[in-house]
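Structural features, examined
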Amino acid sequence: MLEWAGGATGEKKQHAEVFTRMPFSANDLRYHVEESYPALCTYLQHRAQRYLGQLSFDAFEVDQVVGHVIEYLARIQLLGGGKQSPQTALDELSNAQFYTFLNRMVQNKAIDRLRRRRLPMSTTGELEDQRSPDEDNDPLNAVVEPFWGDIPFANPEEAVLEAVSQEQLRIILKHCIESLSAAPRQLQAVIQELEELGASELVREVRADLPPDLEQTPLAHLSQHKDHAHKKLRLCLQKNSTNLAVMIAIRLTEYGTQFSRTGSVSVPLQTLTQDDLSLREVQTGLQHLAHAGLLDWHGEEVVIVTLAQQKGLTRFYEDE
Amino acid sequence: MSEQFVGTPDPQGQYTPLAQWLYGLLAHGPKEAPTEQVAVGEDVSLPGKDYHAGFYPQLPNFVMALLRQTPGVTTRYAPLFFHLLGCPICHRAYLETYDALRIALADDARPTTTALRLSASASLATTSPKLLVFLCQLLLGQARAILQQAHRDHTDEDAWARELLQQAMQISRYLMQGTLRQRALRDLVEVASLAQRSEIDGPSAQATLSYSALVGAGSSTRGRGVLRRADMMSRSNEQASIDLRSDSLEGNVTQEGELLILRLVDLDATLRGKFLLISVPLGTLLEPVRWLGGNPYAIRSAGPVGADGTLVTPLGSTELSLSKPEDRNLIETLFKKLDISPLEP
């Protein structure tokens, strides 16, 4: 819908710009970046000037705010992402929600810039005065300082506590520690560390799944082994296939249909996806388990798990 | 017990030592100190180690799942979750995303009555050149990051990267200043070569001579003079050729009708009398040019190099016109690199 910003007279029309309502959407930024980028820049500049208060005429500061949001949109692979990049939650937003999102990003960055320059942030009242009358109903106008405190995992300490107190995340941690068994000294170094800090429960669980002779090797150069082990653990914890393998192992033992004669269970891939995993993710998890020797799966649509494999899978994720 | 863990969801402190250990482990990985934001106008085509292409794009979905209280969200996004523990940059982006998305979703029920006062006539031609350079660099940087990630994951994302490169090229044609265009596409050839690694009939690495289009600053005094003038003139119609240079050798690309003609002079005596194989490494990135023989990596010269060291040969045809500034910029980008080698040794 096009609107004239000027009045009805011919003279005003002559100088008036043509304005449009919601000139771009998340979809436009993804698929038609050439056409929608100019409008995105204009919108962000407009908002940045509004929130920058005393810095609103500082071109560098406006650019910093605008650039931050543009960079964010590129880094999450929305801007110019086309059909190649995975859809994000931002693609699902309505236009109004998407604008609110962008507006808030601008607002937060502007506050950040003002803080850096130690300038007072505009009060809502001041902003009202600068605004044109038709923006009075804008629900986005209130300047609220971002308060990360009420966001879950606002600080890493909170997040890490979640990571160790949630059973399934602890299973992943345990699995990653156990995967160090290919390098026994590194595993020993980690077990020793865990013992020293009193994580006896986890140590017991790890030991229960390992061959008894594993800890017979004498340990020299402890810190070196520890460093290598930590690096491997970091990689393992952040690896998608590790996480998926644990999830799939659990599902394989929960959702299977049992053959009464052999004790084997069959699980179609579709069952493993549930509502939250893609087929590709299920396949990645299965590949990981097959690679670890816990399954005999070569891409079949239905996974058959023998009785012995079921025990292995249960041990793989068991946390008791 | 550390003070920092007080007030968190482990009232008995059962997991606190383990949490501290895990935090130490994750946070002491390869350290990336949060850097100051790169100013718009400076080079962003080399995303630093602080951009994690495997994790950063997952942030909106992770946050949305948290806001919707999807069961098992931390398990579903466990790798990202563990990554956030040790990466202050991604963690900061997570906080920003959460805050903005929360407000956006909360706003759903309220009608938006604000008319956004944006000019409908806004186009790339009227957009700040600085922001165009910024976007081109971001797109190139993304292409590079995606290719590097694909290399680590043993996947093929060439098509995706090529799409990003094409977009950067298309957008850069609206930059009328050669120096800005040069800056916008500085890494284009290098990133394109990463995407071409897997092509069976990709550009040959054994070129006898490599020419490049003279965009922005030239290497010789003469070149600099010409280009400075060209920058100021903002590409007029009479400049209907693209100058090429390889050290002291020169050449150009002109247009006759739809045909693009390459002219090289003073070629070495060893090349005289021989047919040449011409490669335009960026040639596959733009469809509007129909290359002679169909493969821009292997265009056979129409005739041999003359006794005076001159070669004049058609390269292909296009509806783009060298006399139109934007088309010219696009064609010029294509010739950021042009390699030649003798067809027969």
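Residues numbered from 1 in each chain as written. Chains lettered and ligands numbered in written order. Predicted model: local features only at pLDDT ≥ 70, side-chain atom pairs only at ≥ 80, totals over all residues.

Each helix and strand counted, chain B has eleven helices and ten strands in total. Looking at chain B as a whole, 46% of its 345 residues qualify as buried. The long-range share in chain B, meaning contacts at least 24 apart out of those at least 6 apart in sequence, stands at 71%. (Helix = DSSP H or I, 4+ residues; strand = E, 2+ residues; numbered from the N terminus. Buried ≥ 20, exposed ≤ 12 C-beta atoms within 10 Å, placed from the backbone. Contact = placed C-beta atoms within 7 Å.)

A few words on helix H6 (residues 129–153) of chain B. Taking 1.5 Å per residue as the helical rise, H6 of chain B with its 25 residues ought to reach 36 Å, and the 36 Å between its terminal C-alpha atoms agrees with that figure. Backbone geometry just after H6 of chain B places His154 of chain B at a positive phi near 55°. (Expected span 1.5 Å × (residues − 1).)

All names here are of chain B. Closest axis-to-axis distance for the helix H7 (residues 158–172)/helix H9 (residues 188–195) pair is 9 Å, and the angle between their directions is 160°. Between H7 and H9, the crossing angle belongs to the class labelled roughly antiparallel. Crossing hand, H7 versus H9: left-handed. Listed contacts from H9 to Asp158, Ala161, Arg162, Leu165 and Ala168 of H7 are Leu188, Val191, Ala192 and Ala195. Considered class by class, the residues forming the contact of H7 with H9 number seven nonpolar, no polar and two charged. (Axes fitted to C-alpha atoms, helices over the stretch in contact; angles between N-to-C directions. Parallel < 35°, antiparallel > 145°, perpendicular 65-115°, else oblique. Left-handed = near helix turned anticlockwise from the far one by under 90°. Nonpolar A, V, L, I, M, F, W, Y, C, P; charged D, E, K, R; others polar.)

What follows covers the domain arrangement of chain B. All names here are of chain B. For chain B, the domain assignment lists domain 1 (31–109), domain 2 (124–195) and domain 3 (209–342). The partner domain 3 presents 19 residues to the 18 residues of domain 2 that form the contact. In terms of residue count, the dominant contributor to the side of domain 2 that touches domain 3 is H7 (five residues). Here the side of domain 2 that touches domain 3 is built from residues that sort into eight nonpolar, seven polar and three charged. (Domains from an automatic or database assignment.)

It is worth spelling out the pairing of strand S4 (residues 249–256) of chain B at this point. Residue and element names in this part refer to chain B. Relative to S4, strand S3 (residues 242–246) runs antiparallel, the two being bridged by five bridges. In the strand pairing of S4, Asp243 is matched with Asn252. Count of turn residues in the S3/S4 antiparallel hairpin: two residues, of which Asp247 carries a positive phi of about 50°. Examined bridge by bridge, S4 and strand S5 (residues 259–264) share six bridges and lie antiparallel to one another. Bridge assignment links Gly251 to a residue of S5, and that residue is Leu264. (Pairing = 2+ DSSP bridges.)

Let's shift gears to the sheet that holds strand S2 (residues 209–213) of chain B. Residues and elements named next belong to chain B. In space, the nine strands of this open sheet follow the order S7-S9-S5-S4-S3-S2-S10-S6-S8, with antiparallel pairing throughout. Strands at the two margins of the open sheet, each flanked by one partner only, are strand S7 (289–291) and strand S8 (299–300). As judged from the six bridges shared by S5 and strand S9 (residues 311–318), these two strands associate in the antiparallel manner. From the neighbouring strand, Leu260 faces S9, where its bridge partner is Gly316.

Residues and elements named next belong to chain A. Spatially, three strands are ordered S3-S4-S5 in an open sheet, and the strand pairing comes out antiparallel. Across the chains shown, the open sheet's two edge strands, defined by having one partner strand only, are strand S3 (257–258) and strand S5 (302–305). Summarising the sheet, S3 and strand S4 (residues 265–268) pair through two bridges and their orientation is antiparallel. Its bridge partner lying in S4, Thr257 is registered against Ser266.

Now for helix H15 (residues 279–291) of chain A. Helical geometry note: an α-helix holds 3.6 residues per turn, so side chains three or four residues apart project in the same direction. Residues and elements named next belong to chain A. With 13 residues, H15 ought to run about 18 Å at 1.5 Å a step, and its terminal C-alpha atoms sit 18 Å apart, in line with that. Along H15, the residues classified as buried are Val282, Gly285, Leu286, His288 and Leu289. Take H15 and look down its axis: the buried residues cluster within an arc of 155°, on one side only. Opposite its buried face, H15 presents the exposed residues Leu279, Arg280 and His291, each directed more than 90 degrees away. Among the residues trailing H15, Gly293 stands out with phi positive, at a value near 80°. (Arc of directions from axis to C-beta.)

Okay, the environment of Val282 of chain A next. Residues and elements named next belong to chain A. The topology assignment puts Val282 in helix H15. Taking the number of C-beta atoms within 10 Å as the measure of exposure, Val282 has 21 and is therefore buried. Separated by twelve residues in the primary sequence, Val282 and Gln270 place their C-alpha atoms 8.8 Å from one another. Not counting the four nearest positions on each side in its chain, Val282 is found in contact with Ile248, Leu269, Leu272, Thr273 and Leu277.

In this structure, Phe153 of chain A takes a positive phi of about 55° despite not being glycine. Along the polypeptide, Phe153 of chain A turns up in the loop between helix H7 (124–130) and helix H8 (156–165). One non-glycine residue with positive phi stands out, namely Asp266 of chain B, at about 60°. Inspection of the secondary structure assignment puts Asp266 of chain B in the loop between S5 and strand S6 (276–279). Taking the number of C-beta atoms within 10 Å as the measure of exposure, Asp266 of chain B has 11 and is therefore exposed.

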